[in-house]
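Spelled out from the first residue to the last, the chains are:
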Amino acid sequence: MINPAKDSLYSQPLGRIDSFIFDDQVARVFPDMIERSVPGYQTIITAIGLLAGRFAQENSVCYDLGCSLGAATFAMSQNIIAKNCRIVAVDNSNAMLARFKLLIELQEPPPLSIDLKCANIQDIVIENASIVVLNFTLQFLPLADRAQLLEKIYHGLLPNGALIISEKLAFDDPRQQVMQTDLHHAFKKSQGYSEMEISQKRTALENVLIPETFAQHQQRLTSIGFSSCELWFQYFNFASFIALK
Ligand code: GEK
């Protein structure tokens with residue numbers, strides 16, 4: 001059940017393309033899907049571990065919001081040296097969490113306690129946080145709900161806490177938008193996806209994954225109160241940034 005399978009969900013012509021959801025079919029192929037779809041994904045996961053090592057504070061909580069199979073949680077748990085930290089990993093997909101639980105059981109006991117929660121990240125309490133990770137999760141929330149979640153995170157963060165957000169980006173300049181989108185598709189082709197897979201997946205994600213520009217993210221985070229927000233990684237239209245309290 002847990003062997004990572006190859007993502008071929010969109011490889012056959014689908015008469016009707018349903019909106020993308022994080023169900024068991026997706027959870028089963030997720031590691032392969034995200035690795036071949038998001039340029040720089042593994043680099044970002046490694047860096048989240050390093051950032052957690054730097055920002056985790058003693059006696060605090062580290063949150064992985066929209067944790068999927070826990071890649072960021074595992075990276076954090078291997079790098080946090082601050083004493084008495086725990087990780088709270090949250091996802092509203094039962095299918096993802098069931099597999100994440102199995103992965104934890106299959107591993108050596110993780111060095112930190114990991115608390116898995118099946119919940120909407122909009123409904124959980126965030127408190128005593130030194131680091132919060134939204135690794136490709138915010139993009140799935142309705143635009144109108146994003147500021148409220150980020151305000152809750154800001155208030156739940158300790159002084160000197162950090163929020164790491166990774167997202168697919170949009171661009172104001174139409175030429176950049178076309179070029180970056182084309183380059184992302186070229187990346188997916190280089191990873192073995194066919195034109196049909198790329199196009200069917202794109203349709204499934206329409207109105208489900210809603211990208212914003214980096215300027216929009218930065219403006220919203222600083223208007224909420226974060227003292228700064230800077231990009232630390234970008235590969236075509238995929239980026240990761242860090243906001244400091
Ligand atoms: C990784 N961070 O591998 N509440 C809880 N979970 C949610 C919500 C919500 N409102 N909306 C979406 N999700 C991971 C990758 S994937 C990114 C994150 C992608 C969850 C959803 O169920 C899925 O597991 C995850 O957010 C997004 O580092 O597939 O592009």
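Predicted, not measured: the structure shown is a model, and the values here were computed from it.

A. Geometry of the packing of aromatic side chains. One pass over the full model with this rule turns up seven aromatic pairs. Look at Phe214 and Phe241: their rings are 5.2 Å apart centre to centre, the planes differ by 65°, and that puts the pair in the edge-to-face class. Highlighted residues: Phe214 in helix H8 (residues 214-224) and Phe241 in strand E7 (residues 238-244), separated in sequence by 27 residues. A centroid spacing of 5.6 Å and a plane angle of 45° characterise the contact between Trp232 and Phe233, whose relative ring orientation is tilted. Take Trp232: its relative accessible area is 30%, and that puts it in the partly exposed class. Put simply, the rings of Phe187, Tyr235 and Phe236 pair up and form one aromatic cluster. In this structure, Arg36 is placed above the aromatic ring of Tyr193, and the distance from its NZ or CZ to the ring centre is 4.0 Å.

B. Main features of the sheet that holds strand E3 (residues 113-118). Taken in spatial order, the seven strands make up an open sheet running E3-E2-E1-E4-E5-E7-E6, and their pairing is mixed. Taken across any chain shown, the strands that pair with only one partner, and hence form the sheet edges, are E3 and strand E6 (228-235). When the angles between neighbouring strand axes are averaged without regard to direction, this sheet yields 15°. Strand direction decides the pairing type here: E6 and E7, joined by seven bridges, are antiparallel. By the bridge assignment for E7, Glu230 is matched with Ile242. Sitting on the sheet, helix H2 (residues 41-55) is in contact with strand E4 (129-135), strand E5 (157-168), E6 and E7, with an inclination near 170° to E4.

C. Spatial organisation of the side chain of Thr181. Its location among the elements puts Thr181 in helix H6 (residues 174-190). For Thr181, a relative accessible area of 13% gives the class buried. With residues near it in sequence (within four places) discarded, Thr181 still touches Arg202 and Asn237.

D. Here's a closer look at the site of the ligand. Close contacts around the ligand come from 20 residues, with Tyr41, Gly66, Ser68, Asp91 and Asn135 the closest. One nitrogen or oxygen atom from the side chain of Asp91 is found 2.6 Å from an oxygen atom belonging to the ligand. Between the ligand and Asn92 there is a distance of 3.2 Å, counted from a nitrogen atom to a backbone nitrogen or oxygen. For the ligand, whose unbound accessible area comes to 660 Å², protein coverage reaches 93%.

E. Molecular detail of the packing of helix H1 (residues 24-37) against H6. Where H1 contacts H6, the two axes come as close as 8 Å, and the packing angle between them is 130°. One finds that H1 runs oblique with respect to H6. Of the residues in H6, those in contact with Glu35, Arg36 and Ser37 of H1 are His184, Phe187 and Lys188.

F. Layout of the pattern of salt bridges. Summed over the entire model, instances satisfying the criterion amount to seven salt bridges. Close ionic contact of Asp32 with Arg36 constitutes a salt bridge, the shortest N to O distance being 3.0 Å. Residue Asp32 and its partner Arg36 are both found in helix H1; the two are separated by four residues, about one turn of the helix. Since its relative accessible area comes to 7%, Arg36 is described here as buried.

G. Summary view of the state of the cysteines. On inspection of all chains with the given rule, the structure shows zero disulfides. Of the cysteine sulfurs around Cys67, a residue in no disulfide, the closest is that of Cys118, at 9.1 Å. Cys229 takes part in no disulfide bond, and the closest cysteine sulfur to it belongs to Cys62, at a distance of 19 Å.

Conventions and cut-offs
- Residues numbered from 1 in each chain as written.
- Predicted model: local features only at pLDDT ≥ 70, side-chain atom pairs only at ≥ 80, totals over all residues.
- Heavy atoms only, no water.
- Phe/Tyr/Trp six-rings, centres within 6.5 Å; stacked < 30°, edge-to-face > 60°.
- Helix = DSSP H or I, 4+ residues; strand = E, 2+ residues; numbered from the N terminus.
- Buried < 20%, exposed > 50% of the residue type's maximum accessible area, 1.4 Å probe, protein only.
- Lys NZ or Arg CZ within 6 Å of the ring centre and 35° of its normal.
- Pairing = 2+ DSSP bridges.
- Axes fitted to C-alpha atoms, helices over the stretch in contact; angles between N-to-C directions.
- Contact = heavy atoms within 4.5 Å.
- Near = heavy atom within 4 Å.
- Polar contact = N/O pair within 3.5 Å; in protein donor to acceptor, adjacent residues only side chain to side chain.
- Areas by Shrake-Rupley, 256 points an atom, 1.4 Å probe, with all protein chains shown as cover.
- Parallel < 35°, antiparallel > 145°, perpendicular 65-115°, else oblique.
- Salt bridge = Lys/Arg side-chain N within 4 Å of Asp/Glu carboxyl O.
- Disulfide = S-S within 2.5 Å.

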